[in-house]
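Analysis of the macromolecular model
The residues making up each chain are set out below.
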Amino acid sequence: MSSSWELVSVAKSEVKVWTKQTQDPFTFKPHGGSTTLNAVCWNHTGKVLATAGSDGRIILSLTNGQPLCVLPRETANGALREDNLNAVVFGSNSKYLVSGGSAGVVKIWDMKRKEMIKELTGHTQPISCVSYSSNGTSVASGSFSGDVLIHNLLQPTTTQQKALRSPLTQAVRGIQFSPFIKDLCASCTSDGSVTLWNTSLLRSAHHFDRVHSAPATGVSFSPYNHLLMCSAGLDQRILFYDAKEYGVVKKMKSEEPLSSVSFMHDGVTIAVGTTLGSIFVYDLRAGSEPKAKYRGHSTAVTAVAFQPHFILPSNSDSSETTKPLSQAQIKPKQQQQQQ
């Protein structure tokens with residue numbers, strides 16, 4: 001595996017930042033102890049984390065737990081929030097952030113203005129997952145009713161979306177665009193199926209029907225190998241696919257049911273979170289046994305994500321110079337009033 005890395009995991013209200021060298025992660029609760037966290041992602045520099053959960057807020061933090069920004073901002077009458085946010089992801093250059101949740105609306109946030117700039121409609125049920133295309137022109141979203149929508153960000157209206165499948169009974173549990181092929185997207189569903197989509201032709205490129213014997217919980221493309229992707233499921237299996245030949249090329253069995261999966265930038269290291277609170281790290285060159293095991297959470301891991309690989313240009317201004325927030329700014333207005 002790579003000589004060093006950082007990995008973030010979330011479970012219940014906790015965020016844990018792991019490194020290869022330690023079994024003792026840094027732990028913090030950016031939303032407080034009463035919020036269930038459903039999603040986490042890194043910005044493109046690997047210095048900022050965005051978390052989202054049951055309080056309807058997105059909080060940006062440094063990896064030492066220092067808060068940078070809360071979205072949406074509080075207003076005099078209190079900002080209108082969704083009851084539950086299930087998904088959050090940065091665009092490739094972190095200028096924009098995408099979220100989705102119980103309102104069934106995809107929201108685009110401008111990170112410079114710290115404001116929502118667009119709402120994308122089309123879902124009739126809560127959104128379960130979102131992904132931003134590598135070229136920044138499209139957003140894919142999946143819902144608990146089973147529909148997958150592709151939203152065209154180049155159109156001025158909020159309804160320029162195309163359905164890749166009609167609503168079904170199987171929830172979409174994970175979705176991700178290929179980092180290399182702009183019109184290739186993968187999704188997985190509660191019936192254990194994995195689908196590759198051609199988003200230009202608006203049709204399935206290949207459907208792996210019930211390739212998992214239990215709900216599939218996540219998909220992840222290799223950021224190094226153009227054709228490699230993987231999926232994880234509650235059947236304890238990690239499956240690897242050739243995205244060109246449409247075949248399963250490798251299978252690995254974990255000792256616990258899997259709830260999330262993430263590829264590292266080296267293309268050979270993957271991490272999975274489990275329903276029992278563990279994180280396992282595998283090296284694809286070293287067989288099916290994990291190279292590292294972390295027993296850090298007492299509840300199911302809802303998301304894991306490796307830190308992206310990034311080299312900051314010498315003439316670039318980093319967006320991480322945002323002034324840190326005070327604890328009073330982080331707490332929702334209603335909590336402050338109760339105190």
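This structure is a prediction, so every number in the text was calculated from the model and none was measured. (Residues numbered from 1 in each chain as written. Predicted model: local features only at pLDDT ≥ 70, side-chain atom pairs only at ≥ 80, totals over all residues. Heavy atoms only, no water.)

Structural notes on the pairing of strand 8 (residues 85–90)
Where burial is concerned, most of strand 8 is hidden: 6 out of the 6 residues are buried. Summarising the sheet, strand 8 and strand 9 (residues 96–101) pair through 5 bridges and their orientation is antiparallel. Residue pairing across strands places V89 opposite V98, the latter belonging to strand 9. As consecutive antiparallel partners, strand 8 and strand 9 are separated by 5 residues, and within that stretch S94 has a phi angle of approximately 65 degrees, a positive value. (Buried < 20%, exposed > 50% of the residue type's maximum accessible area, 1.4 Å probe, protein only. Helix = DSSP H or I, 4+ residues; strand = E, 2+ residues; numbered from the N terminus. Pairing = 2+ DSSP bridges.)

Things to note about the nonpolar core
Among the nonpolar cores identified, the biggest contains 16 residues, and A50, I58, L60, V88 and L97 are the most heavily contacted of them. Taken together, the elements giving at least two residues each to this core come down to strand 4 (37–42), strand 5 (48–53), strand 6 (58–62), strand 7 (67–71) and strand 8. The contact partners of A50, leaving out residues within four places of it in the chain, are A39, V40, C41, I58, I59, L60, V88, F90 and L97. (Core = buried A, V, L, I, M, F, W, Y, C linked by side-chain atoms within 4.5 Å. Contact = heavy atoms within 4.5 Å.)

Some words on the side chain of K118
By the secondary structure assignment, K118 is in strand 11 (residues 115–120). Look at K118: it is buried, it has no salt bridge, and the nearest opposite charge is D110 at 11 Å. Excluding residues within four positions of it along the chain, K118 makes contact with V106, K107, I108, L153 and Q155. (Lys, Arg positive; Asp, Glu negative; His and termini not counted. Salt bridge = Lys/Arg side-chain N within 4 Å of Asp/Glu carboxyl O.)

Let's talk about the side chain of S145
Mapped onto the elements of the fold, S145 is located in the loop between strand 13 (138–143) and strand 14 (148–152). Polar side-chain contacts of S145 include one of 2.8 Å to the side chain of S143. Among the polar contacts made by the side chain of S145, one reaches the side chain of D147 at a distance of 2.8 Å. (Polar contact = N/O pair within 3.5 Å; in protein donor to acceptor, adjacent residues only side chain to side chain.)

A closer look at the sheet that holds strand 19 (residues 203–208)
Strand order in this open sheet of 4 strands is 16-17-18-19, and the pairing throughout is antiparallel. Taken across any chain shown, the strands that pair with only one partner, and hence form the sheet edges, are strand 16 (172–177) and strand 19. The average undirected angle you get between the axes of adjacent strands in this sheet is 20 degrees. Here strand 16 pairs with strand 17 (residues 184–189) via 5 bridges, running antiparallel. Bridge pairing links F177 to C185 in strand 17. (Axes fitted to C-alpha atoms, helices over the stretch in contact; angles between N-to-C directions.)

Some words on the state of the cysteines
By the definition in use, this model includes 0 disulfides. The thiol sulfur of C185 is not disulfide-bonded, and the nearest other cysteine sulfur, from C129, lies at 8.7 Å. Owing to a relative accessible area of 0%, C185 belongs among the buried residues under this scheme. Unpaired in this structure, C188 has its nearest cysteine sulfur neighbour in C129, at a distance of 7.3 Å. (Disulfide = S-S within 2.5 Å.)

Overview of a nonpolar patch on the surface
Where nonpolar side chains cluster on the molecular surface, the patch consists of F180, I181 and L227 and spans about 200 Å² of accessible area. Tracing the chain through its elements places L227 in the loop between strand 20 (216–221) and strand 21 (228–233). Given a relative accessible area of 32%, L227 falls into the partly exposed group. (Patch = residues over 30% accessible without salt bridge, like charges linked within 9 Å, V, L, I, M, F, W, Y side chains within 5 Å. Areas by Shrake-Rupley, 256 points an atom, 1.4 Å probe, with all protein chains shown as cover.)

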